[in-house]
Each structure stands twice: as structure tokens, then as C-alpha cells.
Amino acid sequence: MNRFEFTEVLRKSLSGRVDYRVVNENVAYYENYIDTEMRKGRSEEDVLGELGDPRLLAKTISGVAGDGSGTYAEDEDGARTKGGLFGGRVFRLPNWLFWLVVVLVFFIILDIVGFVLTTVLPILIPVAVVYYLIRYFRQRR
């Protein structure tokens, strides 16, 4: 396998598993790495032997970059982009942080309800009492 076959297998193995930008970044990185090592005097065969199977590299890269789940769409330029909310970016909170946010939101809602009740009830109760008294005395006539 030569360097062009290596990068092509890497590109094909990553396509559909990660965002196209991740594919391009990694292919460019390995092309640059191979060039740099060959300028140091190493043979192409040694460098590629050190890197190993590009399919295994792709599996490792896709595992680090994310699970690759989601749908991909092709734009006018033929570039593959991951669809979905936020342009394919997935925001995941750690479990403890998620529950902390849930508890905080619960207490904020509880505080708002308490504020509304303590503001409205002192006005609403006398109005209700006056309403029922007026109604009571009108019915007695």
C-alpha cells in the first residue's frame, strides 16, 4: 500500500462515520505526517508500517470524534454535512450536571409560583370576600 492508497482508504473508512470536516482534518494530518517523516529520511513503507491499518485508525478516530450517529446530507458542492439541530453538533451534559440543572429549574419554578401566590393572594382574598358578601346581600333582598 502506498501513501495515496492509505489516505484514500482512511477517507472512505471515515466517510459516513464522522463529519466531513473531521474526515478532511484527519486525512490532511496523516498526509502531512507522512510527508514530514519522509523528509526526515524514512521510507514510505516504514512510515505506513508504523501507522498501521487505516481502517483501524478510522475506527479509533470515529470513536473519539463521536458515535457517528445521525443523518448526513450532501450540499451543492458534494460535501457531506451532518444534519439535525445545531448543524450536527451534539451537546451532551454530564449526568450530574443535567440533574443539577433539573433541580435548579424546579426550584426556580417553585420560587416564581411562590412569588405570584404571595403577591396575588393578599389582593385576591379580600376581593373574593367582598364579591361573596355583595352576592349574599343581593340574594337576601
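Residues numbered from 1 in each chain as written. Predicted model: local features only at pLDDT ≥ 70, side-chain atom pairs only at ≥ 80, totals over all residues. Heavy atoms only, no water.

What to know about the packing of helix α2 (residues 20-39) against helix α4 (residues 54-65)
It is at 12 Å that the axes of α2 and α4 come closest, and there the two elements cross at 135°. For the element pair α2 / α4, the angle class is oblique. The chirality of how α2 crosses α4 is right-handed. The segment α2 lies against α4, with Val22, Asn26 and Tyr30 engaging Leu57, Ile61 and Ala65. (Axes fitted to C-alpha atoms, helices over the stretch in contact; angles between N-to-C directions. Helix = DSSP H or I, 4+ residues; strand = E, 2+ residues; numbered from the N terminus. Parallel < 35°, antiparallel > 145°, perpendicular 65-115°, else oblique. Left-handed = near helix turned anticlockwise from the far one by under 90°. Contact = heavy atoms within 4.5 Å.)

Observations regarding the packing of helix α1 (residues 3-14) against α2
Pairs of packed helices are described in terms of their axes, by the angle between the two and the distance that separates them. Interaxial distance between α1 and α2 falls to 9 Å at its minimum, and their mutual angle equals 160°. With respect to their mutual orientation, α1 and α2 come out roughly antiparallel. Every pair of crossing elements has a handedness; the one defined by α1 and α2 is right-handed. Only Val23, Asn24, Asn26, Val27, Tyr30, Glu31, Ile34, Asp35 and Met38 of α2 make contact with α1, whose side of the interface consists of Arg3, Phe6, Thr7, Leu10, Arg11 and Leu14.

Some details on the confidence of the model for the chain
Averaged over the chain, the pLDDT score is 83; the fraction of residues at 70 or greater is 81%. Strand β1 (residues 72-74) is the least confidently modelled element of the chain, averaging 44 in pLDDT, while helix α5 (residues 95-140) averages 93, the highest of any element. Within the model, pLDDT remains below 50 along residues 67-88, and this stretch shows 35 contacts once partners closer than five positions in the same chain are excluded. (pLDDT = per-residue confidence, 0-100.)

What about the packing of aromatic side chains?
If you walk through the whole model with that rule in mind, you get seven aromatic pairs. Between Phe6 and Tyr30, the aromatic rings sit 6.3 Å apart at their centres with planes inclined by 65°, giving edge-to-face as the arrangement. Of this pair, Phe6 sits in helix α1 while Tyr30 is found in helix α2, placing the two residues 24 residues apart along the sequence. Judged by relative accessible area, Phe6 falls into the buried class, the value being 0%. Since its relative accessible area comes to 12%, Tyr30 is described here as buried. (Phe/Tyr/Trp six-rings, centres within 6.5 Å; stacked < 30°, edge-to-face > 60°. Buried < 20%, exposed > 50% of the residue type's maximum accessible area, 1.4 Å probe, protein only.)

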